[in-house]
Amino acid sequence: MRASDGDRDKVAGVLREHYAQGRLTNEEFDERLERLYSSRTYGELARLTSDLPDVDLKRMTPAPANSPQRRDARRKGVAALWASWAMASGINWVIWLIIGVTNGLDFPYPWPLWVMGPWGVILLMTTVLGGRGDRPDR
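Residues numbered from 1 in each chain as written. Predicted model: local features only at pLDDT ≥ 70, side-chain atom pairs only at ≥ 80, totals over all residues. Heavy atoms only, no water.

It is worth spelling out the nonpolar core at this point. Counting 11 residues, the largest nonpolar core is built from Ala3, Val11, Ala12, Leu15, Leu24, Phe29, Leu33, Leu36, Leu45, Leu48 and Leu52. Looking at this core, the elements with two or more residues in it are α1 (5-20), α2 (26-36) and α3 (42-49). If we ignore the near neighbours within four places in the chain, the residues touching Ala12 are Leu33, Leu36 and Tyr37. (Core = buried A, V, L, I, M, F, W, Y, C linked by side-chain atoms within 4.5 Å. Buried < 20%, exposed > 50% of the residue type's maximum accessible area, 1.4 Å probe, protein only. Helix = DSSP H or I, 4+ residues; strand = E, 2+ residues; numbered from the N terminus. Contact = heavy atoms within 4.5 Å.)

Turning to α3, a few remarks are in order. Along α3, the positions that sit buried rather than exposed are Leu45, Leu48 and Thr49. Around the axis of α3, the buried residues are gathered within 90° of arc, so they sit on the same side. On its buried face, α3 is in contact with α1 and α2. (Arc of directions from axis to C-beta.)

Right, let's get into a negative patch on the surface. Taken together, the side chains of Glu27, Glu28, Asp30 and Glu34 present a region of like negative charge at the surface. Structurally, Glu34 is set in helix α2. In this structure Glu34 comes out as exposed when scored by relative accessible area, which is 63%. (Patch = residues over 30% accessible without salt bridge, like charges linked within 9 Å, V, L, I, M, F, W, Y side chains within 5 Å. Areas by Shrake-Rupley, 256 points an atom, 1.4 Å probe, with all protein chains shown as cover. Salt bridge = Lys/Arg side-chain N within 4 Å of Asp/Glu carboxyl O. Lys, Arg positive; Asp, Glu negative; His and termini not counted. Charge placed at Lys NZ, Arg CZ, Asp CG, Glu CD.)

Okay, unusual backbone geometry next. Of note, the phi angle at Leu105 is positive, near 60°, even though the residue is not glycine. By the secondary structure assignment, Leu105 is in the loop between α4 (68-102) and α5 (112-129).

In this section: the environment of Arg8. Relative to the elements of secondary structure, Arg8 occurs in helix α1. Separated by 28 residues in sequence, Arg8 and Leu36 have C-alpha atoms that sit 6.6 Å apart. Not counting residues within four places of it along the chain, the set of residues in contact with Arg8 comprises Ala3, Leu36, Tyr37, Ser39, Arg40 and Leu45. Of the polar contacts made by the side chain of Arg8, one reaches the backbone oxygen of Ala3; its length is 3.3 Å. A polar contact is formed between the side chain of Arg8 and the side chain of Asp5, at a distance of 2.9 Å. (Polar contact = N/O pair within 3.5 Å; in protein donor to acceptor, adjacent residues only side chain to side chain.)

Here we come to α1. Its 16 residues place the ends of α1 22 Å apart at the C-alpha level, agreeing with the 22 Å of an ideal helix rising 1.5 Å per residue. At its buried positions, α1 is contacted by α2 and α3. (Expected span 1.5 Å × (residues − 1).)

Bringing the pattern of salt bridges into the picture now. Tallied over the full model, the rule gives four salt bridges. Among the ionic pairs, Lys10 bridges to Asp7, the shortest N-O distance being 4.0 Å. Highlighted residues: Lys10 and Asp7, both in helix α1, separated by three residues, approximately one helical turn. Between Arg35 and Glu31 there is a salt bridge; the shortest N-O distance is 3.0 Å. With a gap of four residues between them, Arg35 and Glu31 both fall in helix α2, about one helical turn apart. For Arg35, a relative accessible area of 38% corresponds to the partly exposed category.

Dropping the structure here:
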């Protein structure tokens, strides 16, 4: 019987779960995903998970595309981006301050704004618009 995209997505979710639990190495996971998306039948899908425990293709349900885990992961990712922006901005301002103090309080042009500004605008757009139009992983 032919498998649908939804069936392949379910198996991809199972493979991700087993990879996260350490049952698959990175190479095995990549190889199986490659074979997964070229699979056409349920038999081919079953062979990809035959050595993994507790996999019944008929009873699997797809993971919701916007699950709480995905939202939490996205929030953590955005927070990490903002933290790196803040760290780089802080370092640039410290360098600017050191230059100004060592020049007898003759502070140069505030060039750190050129680092903070564009990067901050891109991060702001990513934060505000980042959750729209997301597609489930394939």
